[in-house]
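# Chain and residue survey
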Amino acid sequence: MSSYYTKEELKELGLASIGDNVSISKKASIYGANKIKIGNNVRIDDFCILSGNITIGNYVHISAYTALYGGGTIEIGDYCGCSPRCTLFSATDDFSGEYMISPMVPEELTNVIKGPIKMCDYSQLGANSIVLPNVTLHEGAATGSFSFVNKSLDEWTINVGIPVKTIKPREKNIKQLVKRIGENNGEV
């Protein structure tokens, strides 16, 4: 018995779209499947939560215990990854005390702040990273473990901390590796 859904079972989930070579753990939780698009060569591990408007590109790994809350929208590009226990909040409550906080109170008493999260191609989140609404990880941006991402990150940088700050540039060699893979597969 496999711990991942079969191709037939994946079709029954009711996802908006799903590519080839997709592995989703049967222990992952998916809410609003009709709003979720998944590309090719994607793996989603145990205890992940996917909810809301989410688009996942190609060659993406979502590690165990990661939560993608797509109330605003979440877009993950190609060759991206979320290490274990990352949480992406594209919607968050207003904690100022002027509004109620809970999905169980009437909506007019809350002030949910929504905004897109975009992980551009080759971006990576280190373990336990948290991303807030209205954030873009530009191409190749990466975070270290326990990073609190409350602002957009420049391309090809390594970023760490609470709140996140850039510590150094990141090499672009992986783009050449991807090109080589494509050449070997006849996809130039």
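A brief report on the enclosed structure follows. All values derive from a computational prediction rather than experimental measurement.

Across its full length, the chain carries two helices and 20 strands. By the burial criterion, 36% of the 188 residues in the chain qualify as buried. Contacts spanning at least 24 positions in sequence make up 19% of the contacts within the chain whose residues lie at least 6 apart. Total accessible area computed for the chain in this model is approximately 10300 Å², and 51% of it derives from carbon and sulfur atoms. Once the 18 positive and 20 negative side-chain charges of the chain are each reduced to a mean point, those two points are 6 Å apart.

Here we come to the nonpolar core. Among the nonpolar cores identified, the biggest contains 33 residues, and I38, I44, I56, L68, I76 and L88 are the most heavily contacted of them. Sorting the residues of this core by element identifies β2 (22-24), β4 (36-38), β5 (42-44), β6 (49-56), β7 (60-62), β8 (67-76), β13 (117-119) and β16 (135-137) as the ones contributing at least two each. Residues within four places of I44 in sequence aside, it is in contact with Y4, S23, I24, S25, A28, I38, L50, I56 and I62.

Take the layout of surface pockets next. Looking at the largest pocket, its volume works out to about 390 Å³. Around the largest pocket, the lining comprises 13 residues; the ones closest to its centre are A91, D93, P103, V112 and K114. Where the lining of the largest pocket is concerned, the elements lending two or more residues are β8 and β11 (91-92). Its residues placed into classes, the lining of the largest pocket shows six nonpolar, four polar and three charged.

Another point: the pattern of salt bridges. Under the defined criterion, the tally for this structure stands at four salt bridges. The shortest N-O distance in the salt bridge between D45 and R43 comes to 2.7 Å. Of the charged contacts, one joins E139 and K175 as a salt bridge, the two residues approaching to 3.1 Å between their closest N and O atoms. Placement of E139 in the loop between β16 and β17 (142-143) and of K175 in helix α2 (residues 173-184) is noted, with a sequence separation of 36 residues between them.

Applying the stated criterion to the full structure yields zero disulfides. There is no disulfide at C48, and the cysteine sulfur nearest it, in C82, is 8.5 Å away. The structure places no disulfide on C86, whose sulfur is separated from the nearest cysteine sulfur, that of C82, by 5.3 Å. Classification of C86 as buried rests on a relative accessible area of 0%.

Below, the discussion takes up the side chain of D94. On the secondary structure map, D94 appears in the loop between β11 and β12 (113-114). Here D94 sits buried without a salt bridge, and the closest side chain of opposite charge, K114, lies 14 Å off (N-O distance). A polar contact is formed between the side chain of D94 and the side chain of S96, at a distance of 2.8 Å. Those residues in contact with D94 that lie beyond four places of it in its chain are Y99, I101, N111 and I113.

Thresholds applied
- Residues numbered from 1 in each chain as written.
- Predicted model: local features only at pLDDT ≥ 70, side-chain atom pairs only at ≥ 80, totals over all residues.
- Heavy atoms only, no water.
- Helix = DSSP H or I, 4+ residues; strand = E, 2+ residues; numbered from the N terminus.
- Buried < 20%, exposed > 50% of the residue type's maximum accessible area, 1.4 Å probe, protein only.
- Contact = heavy atoms within 4.5 Å.
- Areas by Shrake-Rupley, 256 points an atom, 1.4 Å probe, with all protein chains shown as cover.
- Lys, Arg positive; Asp, Glu negative; His and termini not counted.
- Charge placed at Lys NZ, Arg CZ, Asp CG, Glu CD.
- Core = buried A, V, L, I, M, F, W, Y, C linked by side-chain atoms within 4.5 Å.
- 1 Å grid on protein atoms, 1.4 Å probe; cavity = no way out; pocket = protein on both sides within 12 Å on 5 of 7 lines; lining within 4 Å.
- Points joined across faces, edges and corners; volume = space filled by probe spheres on them.
- Nonpolar A, V, L, I, M, F, W, Y, C, P; charged D, E, K, R; others polar.
- Salt bridge = Lys/Arg side-chain N within 4 Å of Asp/Glu carboxyl O.
- Disulfide = S-S within 2.5 Å.
- Polar contact = N/O pair within 3.5 Å; in protein donor to acceptor, adjacent residues only side chain to side chain.

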